[in-house]
Amino acid sequence: MQNVWINGASLPAIGQGTWYMGENPALRAQEIAALQAGLAAGLQVIDTAEMYADGEAERVVGEALQGRRDSAWLVSKVYPWNASEADITGACERSLQRLKTDYLDLYLLHWRGNIPLEETLRGMEKLVAQGKIRSWGVSNFDSDDMEELWAEEGGFSCATNQVLYHLASRGIEHTLLPLCQQRAMPVMAYCPLAQAGRLRQALFDNAQLLALARDKQISVAQLLLSWAIRHEGLIAIPKAGSVAHVQENAAALNITLSAEEIALLDQLFPAPQQRMPLDVV
Ligand code: NDP
């Protein structure tokens, strides 16, 4: 099983996303059951955000974690406009309340806004000192943003950068991922199953991917996840709204692709040959 180290914790390289959870009350019990099944299957990292369902996704996570907070490694994210030194504490406290916990394992700046990085960084460090968060990081930062952050005093405390990455969107492989690997900073891959829409369909209906998955007796989703986590220091956080999906995703932790299989995937969905702007949703 592949593990990734973040802030001194060794974590399974697949976690659980929560975007779109908490939007439909009829699905709530199923979402809670999925998160709990994921934890039981070893998917320790749960990723959420104050943005998701306007805080309702955090409430779903909070319910799922009742009586089992210690089995999860909990990540939430702050809106850029709440990430000033003055406002970040309140935003974090509201997240903690919805999550029914007194600490986050990781708190991320959701994307870069107008507040100077230095100020957000000071706010994050204050939250660490107060024990409200155990580490902080960023999301949707391209390589130039990372260089700016690392140039700030204390910038190297950034625990991760959460960015979009899947087989049909490999831009980070050219510059950003190698840069983070050089700095020994883990990368968290969001949308590892390509979320929804045209690209996702192109992957899930691709005849060669279907054939490769069938030969390995795995699903296309498992193929995509095992492919994403082949990188050292990369953790993927698929969102699964059912116990069946989450268990399937957890099983991908134990799937290894051969060099020939990886070469075939490279042929079908080539790695970028030049620097690409960061893909976002
Ligand atoms: P994903 O790529 O994880 O795709 C989610 C979709 O895949 C859902 O429709 C889900 O369906 C389906 N799915 C899950 N497991 C399987 C499976 N085994 N077989 C077939 N389909 C499956 O997209 P997300 O956008 O959800 O990204 C993952 C997470 O990353 C988010 O939930 C969020 O936590 C984070 N994120 C962060 C962003 C950022 O800006 N920092 C931006 C976007 C996402 P079902 O629900 O029915 O299981």
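Just so we're clear, the structure is a prediction, and the values are computed from it rather than from any experiment.

Analysis parameters
Residues numbered from 1 in each chain as written. Predicted model: local features only at pLDDT ≥ 70, side-chain atom pairs only at ≥ 80, totals over all residues. Heavy atoms only, no water. Helix = DSSP H or I, 4+ residues; strand = E, 2+ residues; numbered from the N terminus. Rg over C-alpha atoms; globule rule 2.2 N^0.38 Å. Buried < 20%, exposed > 50% of the residue type's maximum accessible area, 1.4 Å probe, protein only. Contact = heavy atoms within 4.5 Å. Lys, Arg positive; Asp, Glu negative; His and termini not counted. Charge placed at Lys NZ, Arg CZ, Asp CG, Glu CD. pLDDT = per-residue confidence, 0-100. Near = heavy atom within 4 Å. Polar contact = N/O pair within 3.5 Å; in protein donor to acceptor, adjacent residues only side chain to side chain. Areas by Shrake-Rupley, 256 points an atom, 1.4 Å probe, with all protein chains shown as cover. Nonpolar A, V, L, I, M, F, W, Y, C, P; charged D, E, K, R; others polar. Core = buried A, V, L, I, M, F, W, Y, C linked by side-chain atoms within 4.5 Å. Axes fitted to C-alpha atoms, helices over the stretch in contact; angles between N-to-C directions. Parallel < 35°, antiparallel > 145°, perpendicular 65-115°, else oblique. Left-handed = near helix turned anticlockwise from the far one by under 90°. UniProt positions renumbered as here; feature names shortened; annotations may be inferred. Phe/Tyr/Trp six-rings, centres within 6.5 Å; stacked < 30°, edge-to-face > 60°. Lys NZ or Arg CZ within 6 Å of the ring centre and 35° of its normal.

Student: Help me understand the overall build of the protein, please; the structure alone is not making it clear to me.
Tutor: When its secondary structure is counted, the protein shows 11 helices and 9 strands. Radius of gyration (C-alpha) of the protein: 18 Å, near the 19 Å computed for a compact globule of 281 residues. C-alpha atoms of the protein, sized along the principal axes, occupy 55 × 45 × 30 Å. Looking at the protein as a whole, 56% of its 281 residues are labelled buried. Expressed as a percentage of contacts within the protein between residues at least 6 apart in sequence, the contacts between residues at least 24 apart total 78%. Positive and negative side-chain charges in the protein, numbering 22 and 33 respectively, have mean positions lying 4 Å apart.

Student: I would appreciate a short explanation of the confidence of the model for the protein in the present structure.
Tutor: Detailed reading of predicted coordinates is not advised where the pLDDT is low. Per-residue confidence for the protein gives a mean pLDDT of 97; residues scoring 70 or more make up 100%. Here the predicted complex carries an ipTM of 0.99, next to a pTM of 0.98.

Student: I keep staring at the site of the ligand and nothing clicks. Help me out?
Tutor: Lining the immediate surroundings of the ligand are 28 residues, of which D47, Q162, K239, G241 and H245 lie closest. The backbone of A194 places a nitrogen or oxygen atom 3.2 Å from an oxygen atom of the ligand. In this structure, E248 approaches the ligand through a side-chain N or O atom, which is 3.2 Å from a nitrogen atom. Burial of the ligand by the protein amounts to 88% of the accessible area it has alone, namely 900 Å². For the shell around the ligand, the elements supplying multiple residues, two or more each, are α7 (198-204) and α10 (243-251). Among the elements that line the shell around the ligand, the one with the most residues is α10, at 3 residues. When its residues are assigned to classes, the shell around the ligand shows 13 nonpolar, 10 polar and 5 charged.

Student: Explain the nonpolar core to me, please; I cannot follow it from the model alone.
Tutor: One recurring pattern in soluble globular proteins is that nonpolar side chains are buried together. By size, the foremost hydrophobic cluster in this structure holds 93 residues, and its most contacted members are Y107, M146 and L149. It is helix α9 (residues 220-228) that provides the largest number of residues to this core, a total of 7 residues. In this view, M146 contacts V138, F141, C158, N161, L176 and M185; residues no more than four positions away in its chain are not counted.

Student: How should I be thinking about the packing of α9 against α10 in this particular structure?
Tutor: Each pair of packed helices can be summarised by the angle the axes make with each other and by the distance between the axes. One can describe the packing of α9 onto α10 by two numbers: an axis separation of 9 Å at closest approach and a directional angle of 45°. Classed by the angle they form, the pair α9 and α10 counts as oblique. α9 and α10 meet at a crossing whose hand is right-handed. Residues A221, Q222 and L225 of α9 touch α10, and the partners they reach there are E248, N249 and A251. Taken together, the residues of the contact of α9 with α10 break down into 3 nonpolar, 2 polar and 1 charged.

Student: What should I look at first to understand the UniProt feature "domain: NADP-dependent oxidoreductase" (unreviewed entry) in the protein in this one?
Tutor: As recorded in UniProt, the feature "domain: NADP-dependent oxidoreductase" (unreviewed entry) lies at residues 14-268. The distance from the first to the last C-alpha atom of residues 14-268 is 24 Å, and the span holds 42% helix and 11% strand.

Student: Just checking my understanding: could you explain the side chain of H166 for this structure?
Tutor: Along the chain, the position of H166 falls in the loop between β7 (161-164) and α6 (176-182). You can call H166 buried: its relative accessible area is 4%. In contact with H166, not counting residues within four places along its chain, are C191, P192, A194, L199, L203 and W227.

Student: Would you take a moment to explain the packing of aromatic side chains for this structure?
Tutor: The geometry of two aromatic rings is summed up by the distance between their centres and the angle between their planes. The tally for this structure, following the rule as stated, stands at 7 aromatic pairs. Their ring planes at 75° and their centres at 5.8 Å tell us that W81 and W111 sit as a pair that is edge-to-face. Taken as a pair, W81 in the loop between β4 (73-78) and α3 (88-99) and W111 in the loop between β5 (106-109) and α4 (117-129) lie far apart in primary sequence, 30 residues in all. A relative accessible area of 29% means that W111 is categorised as partly exposed. With a centroid separation of 5.1 Å and an interplanar angle of 25°, the aromatic rings of Y165 and W227 are classed as stacked. Taken together, the residues Y165 in the loop between β7 and α6 and W227 in helix α9 connect sequence positions 62 residues apart. What makes Y165 buried here is its relative accessible area of 0%. Through a chain of ring-to-ring contacts, three or more aromatic side chains come together here, namely W19, Y20 and Y52. A cation over an aromatic ring shows up here: R69 above the ring of Y103, its NZ or CZ 3.9 Å from the ring centre. The positively charged end of R200 is found above the aromatic ring belonging to F204, 4.2 Å away from the centroid.

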